[in-house]
Amino acid sequence: MFTASTTRAQKARALRNLFTLGGLAGGLVALMLLPTTCAAGIGARDAASWFLREPEGLTTSGVPQRSTILDASGRTIATFFYQNRVDVPMDKIAPVLRIAVLAIEDSRFYNHGAIDAQGTLRALASNLGHGQVTQGGSGITQQYVKNLLVTQADSDAERRAAQEVSAARKIRELKYAVALEKRFSKDEILRRYLNIAYYGDGAYGIEAASRHYFSKHASELNLAEAALLAGVIRYPYAYDPTQHPEEARKRRNVVLNRMAELGWIERATADATARLPIRLDVDEVKSGCVTSKAPFFCDYVQREILTNPVFGETAEAREKLLKRGGLTIRTTMDRRAQKAAQRAVDRHVPQKNSAGKAAAEAMVEPGTGEIKAMVVDRRLGPDKERGKTWINFAADASHGSSIGMQAGSTFKAFTLAAALDEGMPFGTRLMAPRRYTPVGYRNCKGQRVGDASRTLGNAADGEGGKKFSLVTGTQHSVNTFFLALQKEVGLCDTVKMAERLGMRQASGEPLEQFPSFTLGFNPVSPLRLAAAYAAFGARGEYCKPIAIRSIVDASGRRLKVPPRDCDQVMDKGVADAVSHVLSGVLTKGTARGMGLGRDAAGKTGTVDNFSAAWFAGYTPDLAAAVWVGDPRGGYKYPMESLCMDGRCYGSVFGATIPAPIWRQSMLGALADTSPTSFVRPPSHFFSKGTGEEKVELPDVRGMKPDEALRKLREAGFEPRIERPAVESREYKKGTIAEMDPGPGRAEPGETIELRVSKGPGPRDGDPPVPPITPPPTFPPFPAAPGDRSQLAPP
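A brief structural summary. (Residues numbered from 1 in each chain as written. Predicted model: local features only at pLDDT ≥ 70, side-chain atom pairs only at ≥ 80, totals over all residues. Heavy atoms only, no water.)

## Considerations on the sheet that holds strand E29 (residues 736-740)
In a beta sheet, neighbouring strands are held together by backbone hydrogen bonds and run either parallel or antiparallel to one another.
Then, number 1: Spatially, three strands are ordered E28-E31-E29 in an open sheet, and the strand pairing comes out mixed. Strand pairing shows two members of the sheet lacking a second neighbour, strand E28 (718-721) and E29, which therefore form its edges. Neighbour to neighbour, the strand axes of the sheet diverge by 25° on average, direction disregarded.
Then, number 2: For E29 and strand E31 (residues 751-756), the ladder comprises four bridges, and the chain directions are antiparallel. Note that in E31 the partner of Asp-740 across the bridge is Glu-753.
Then, number 3: This element, helix H24 (residues 705-714), spans E28, E29 and E31 of the sheet and lies at about 160° to E28. (Pairing = 2+ DSSP bridges. Helix = DSSP H or I, 4+ residues; strand = E, 2+ residues; numbered from the N terminus. Axes fitted to C-alpha atoms, helices over the stretch in contact; angles between N-to-C directions. Contact = heavy atoms within 4.5 Å.)

Structural data, given as structure tokens:
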């Protein structure tokens, strides 16, 4: 078809092709007649036998179809494709579309075999007479074969061979066509043709074309729409209605006229329809996750398919499966949870915030490992564009390119779990000094680790200088308490507990083992941390995170997917005890006020120098982990004195931003879920009390130091005399003047600091004491009576 924009060279090339096709057509007609006219000759009989024999390796598979990722409820998250195609059965294609295509492409389709000699000669005469291609010489079966061979090509060389203008290619197509006419019914060949044809503007197959141009299914097309799409097939680039609407309209009318000539529609109907303008309702379908409403979850699923050997032995095979396989991928994503998490991170750490900070959250279901939500406060895209990133901060490097982030005090939960796993009661108390020298530890190889020249303190959200129980030490997130507890339990046992709960570095490497392990120096992902905490909610059953429930290919066959993989990694009672302790963090500890109004537990995490902050928490129904930090590097851009979008936070702890994100997202995700309660821990964990008991702290002020020390020790406390002494008018010199904490109730074993009185100082309001004037100095008395020379003047 020549348009006003067709160049002279293009016209000349088209005419050369016409004569080439003319020669081919003559040869092909001879070939078609060869079996009958020369049947008596041995060579002719052999040639006919070869031509009619089904070719080796004939297959109709490999036609690319788009794959669709669905959430747990069946709603679309994203599509992937090399060619945007959705295969549909014949009863899902409007009859008017079928007859429109037959009218313009092969009106004798149901009357001839694989080769239509009459149609080929008619088309040749028409095309040569008009000087352009007005009719197709190839029947629908031949066109289907040509499209099939082009579509199945995996390399540029194969594609060129499938499209070259040569007798060899045409004979090969005819040989395939003969074989397919034997294998399939006419209806099936037509259906396959309509599903493989290209309709322009990125739409392959009639269903995708219908959705693209008219936002409707192929079964819903009317006459005008059907004629338009039927006309596009011959030259989809020239008749693309989005690019060449006038040429597309003219071509549509040619189809309508042909339908009327054949008597398949009334002439009046054709004329009335031809007067209608083209009305499009274009629906752009994008391939990939960039335009998805859940881009980072989508990206995780894509990477799972592209990297997991379950889906193919090679990377090339896995990519072909995803983008050509016509897969329906049902995932674990819960739309309510996903929306709630996205709203929470975007509210507290906006996408284009003034401070350049970022946030990520992953939600995992206890007992299944199903990933319910995965969000980043960014759009998926180039990092150089503000508010975008290709890095999925919620996932490991294998599924998101993230190297992970130091987890801070969220790792203390693993030390707690190891202690409880060894039978320590809640009331077990350890001294938590203000500074701690990390020596005396061994890693799992039995090697000594630690640095005697370094001391660790209670920065961030902890305190120290006294004894704590397992319960109160966790509630207050006391660094030195957990360093002491880790030493008591054993560094290796703590590491093994974390590993049993699925923890690895985000890079995939094993966790590094040093004394500060419990303080969370290992870089991890929110997803792994959420899955680990989910095991506490599932009473000790750890499940590897999974994102895919099922995959069905285009033929309806179920494909193998990674199965649910869960193990009981600790006693149920131990997990219940962990939940009991961690629930106090939300009610009495570093995250008090962040409860959900139902049983919940969690742990704050603040990384050294405020370089990042975390919160990980769970209920029996859902677990989540939140990270907030700076993608440019937390130590270079710490979160101290943080001001963001007009709001100032000071130094950011785990409870400052991450915990509110966690709380908001969990409330939204669980809005329609009935509360489930934690199980009370076994009684042996209470053998030393609850760990929170307070007893009477006697008042020892006014007592002599020895008496005060004895009395406090008898009451179960750890008293000590502090220097220097203090002035006191109320208490005599040498007696106890001050005690910290003061008289009242205190935890057993708590350290009590005492100060001795050094007597009264000046009273407030007393007049200042005048300086003492020294007496005058007189000369010595005379040595003899009458000698007055050395007397002072009168």
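So, next bit.
## Notes on the pattern of salt bridges
Then, number 1: Evaluated as defined, the whole model comprises 36 salt bridges.
Then, number 2: Across the pair Glu-718 and Lys-467 runs a salt bridge, and its minimum N-O distance is 3.4 Å. Separated by 251 residues along the polypeptide, Glu-718 in strand E28 and Lys-467 in strand E16 (residues 466-469) bring together distant segments of the chain.
Then, number 3: Of the charged contacts in the structure, one is a salt bridge between Glu-722 and Arg-720, with a shortest N-O distance of 2.8 Å. (Salt bridge = Lys/Arg side-chain N within 4 Å of Asp/Glu carboxyl O.)

## A look at the packing of helix H3 (residues 95-105) against helix H10 (residues 223-232)
Two quantities define a packed helix pair, namely the angle between the helix axes and the distance between the axes.
Then, number 1: Here H3 crosses H10 at 40°, and the two axes come no closer than 8 Å. As far as their axial angle goes, H10 and H3 are oblique. H3 and H10 meet at a crossing whose hand is right-handed. Along its contact with H3, which presents Val-96, Leu-97, Ala-100, Val-101, Ile-104 and Glu-105, the element H10 presents Leu-223, Ala-226, Ala-227, Leu-229 and Ala-230.
Then, number 2: A class-by-class count of the residues in the contact of H3 with H10 yields ten nonpolar, no polar and one charged. (Parallel < 35°, antiparallel > 145°, perpendicular 65-115°, else oblique. Left-handed = near helix turned anticlockwise from the far one by under 90°. Nonpolar A, V, L, I, M, F, W, Y, C, P; charged D, E, K, R; others polar.)

## Quick notes on the state of the cysteines
Then, number 1: Throughout the structure, instances matching the rule amount to four disulfides.
Then, number 2: Between the sulfur atoms of Cys-444 and its disulfide partner Cys-492 the distance amounts to 2.1 Å. Because the torsion about its S-S bond is 110°, the bridge between Cys-444 and Cys-492 counts as right-handed. Within this pair, whereas Cys-444 is found in the loop between strand E13 (441-442) and strand E14 (448-449), its partner Cys-492 is found in helix H20 (residues 491-500), the two being separated by 48 residues in sequence.
Then, number 3: For Cys-444, a relative accessible area of 34% puts it in the partly exposed group.
Then, number 4: A disulfide bridge connects Cys-643 with Cys-648, and the sulfur atoms are separated by 1.9 Å. One quick way to see it: the torsion about the S-S bond of Cys-643 and Cys-648 is about 105°, and its sign makes the bridge right-handed.
Then, number 5: Judged by its relative accessible area of 53%, Cys-648 is exposed.
Then, number 6: When the cysteines of the protein chain that form disulfides are numbered from the N-terminus onward, they connect as 1-2, 3-4, 5-6, 7-8. (Disulfide = S-S within 2.5 Å. Buried < 20%, exposed > 50% of the residue type's maximum accessible area, 1.4 Å probe, protein only.)

## Concerning the nonpolar core
Then, number 1: Core analysis: the biggest nonpolar cluster contains 136 residues, and Phe-414, Phe-536 and Leu-582 have the highest contact counts within it.
Then, number 2: Of all the elements, helix H21 (residues 526-537) adds the most residues to this core, at nine residues.
Then, number 3: Leave out the neighbours within four places in its chain, and Phe-536 touches Ala-413, Phe-414, Ala-417, Leu-501, Met-570, Ala-575, Val-578, Ser-579, Leu-582 and Tyr-618.
Then, number 4: Grouped together as the second largest cluster of nonpolar side chains are 57 residues, Leu-102, Tyr-176, Leu-194 and Leu-228 included. (Core = buried A, V, L, I, M, F, W, Y, C linked by side-chain atoms within 4.5 Å.)

## Description of the sheet that holds strand E5 (residues 328-331)
Then, number 1: In space, the five strands of this open sheet follow the order E2-E1-E5-E19-E20, with mixed pairing throughout. Strand pairing shows two members of the sheet lacking a second neighbour, strand E2 (76-80) and strand E20 (558-559), which therefore form its edges.
Then, number 2: Across two bridges, the pairing between strand E19 (residues 548-552) and E20 is antiparallel. By the bridge assignment, Ile-551 is partnered in E20 with Leu-559.
Then, number 3: Most of the contacts of helix H13 (residues 295-307) go to E2, to which it runs at about 45°, and overall it touches strand E1 (67-70), E2, E5 and E19.

## As for the packing of aromatic side chains
Then, number 1: Across all of its chains, the model carries 20 aromatic pairs by this definition.
Then, number 2: Centre to centre, the rings of Phe-393 and Trp-627 are 5.4 Å apart; their planes meet at 35°, and the pair counts as tilted. Residue Phe-393 is found in the loop between strand E9 (388-389) and helix H16 (397-400), and its partner Trp-627 is found in strand E24 (residues 623-629); the two are separated by 234 residues along the sequence.
Then, number 3: Grouped by ring-pair contacts, the aromatic residues Phe-411, Phe-414, Phe-517, Tyr-533, Phe-536, Tyr-618 and Phe-678 constitute a single cluster.
Then, number 4: For Lys-186, the ring lying beneath its charged end belongs to Phe-109, and the centroid distance is 4.2 Å.
Then, number 5: In this structure, Arg-632 is placed above the aromatic ring of Tyr-637, and the distance from its NZ or CZ to the ring centre is 3.8 Å. (Phe/Tyr/Trp six-rings, centres within 6.5 Å; stacked < 30°, edge-to-face > 60°. Lys NZ or Arg CZ within 6 Å of the ring centre and 35° of its normal.)

## Observations regarding the environment of Ala-72
Then, number 1: Structurally, Ala-72 is set in the loop between E1 and E2.
Then, number 2: Sequence separation between Ala-72 and Asp-334 is 262 residues, and the spatial gap between their C-alpha atoms is 5.9 Å.
Then, number 3: Excluding its chain neighbours within four sequence positions, the residues that come into contact with Ala-72 are Arg-330, Thr-331, Thr-332, Met-333 and Arg-549.

## Points about the packing of H3 against helix H11 (residues 245-261)
Then, number 1: For the pair H3 and H11, interaxial distance at closest approach is 9 Å and the crossing angle is 90°. Compared by their axis directions, H3 and H11 come out roughly perpendicular. Together, Val-96, Ile-99, Ala-100, Ala-103, Ile-104 and Glu-105 of H3 and Arg-251, Val-254, Val-255, Arg-258 and Met-259 of H11 make up the contact between the two elements.
Then, number 2: Among the residues making up the contact of H3 with H11, the classes are represented as eight nonpolar, no polar and three charged.

## Comments concerning helix H8 (residues 186-196)
Then, number 1: Of all eleven residues in H8, nine are buried; the element is thus mostly enclosed.
Then, number 2: Restricting attention to buried positions, one finds in H8 the residues Lys-186, Ile-189, Leu-190, Arg-191, Arg-192, Tyr-193, Leu-194, Asn-195 and Ile-196.
Then, number 3: Packed against the buried residues of H8 are strand E3 (84-85), H3, helix H5 (140-152), helix H7 (167-183), strand E4 (203-204) and helix H9 (206-214).

## Regarding unusual backbone geometry
Leaving glycine out, the prevailing phi sign among residues is negative, and the prevailing peptide bond configuration is trans.
Then, number 1: Along the chain, Arg-723 connects to Pro-724 via a cis peptide bond; the corresponding omega equals 0°.
Then, number 2: Within the fold, Pro-724 resides in the loop between E28 and E29.
Then, number 3: Residue Pro-741 is bonded to the preceding Asp-740 through a cis peptide linkage, with omega at 0°.
Then, number 4: Among the structural elements, Pro-741 can be located in the loop between E29 and strand E30 (744-746).
Then, number 5: Of note in the backbone geometry, Asp-201 takes a positive phi value of approximately 55° without being a glycine.
Then, number 6: Note on placement: Asp-201 falls in the loop between H8 and E4.
Then, number 7: The exposure class of Asp-201 is partly exposed, given its relative accessible area of 28%.

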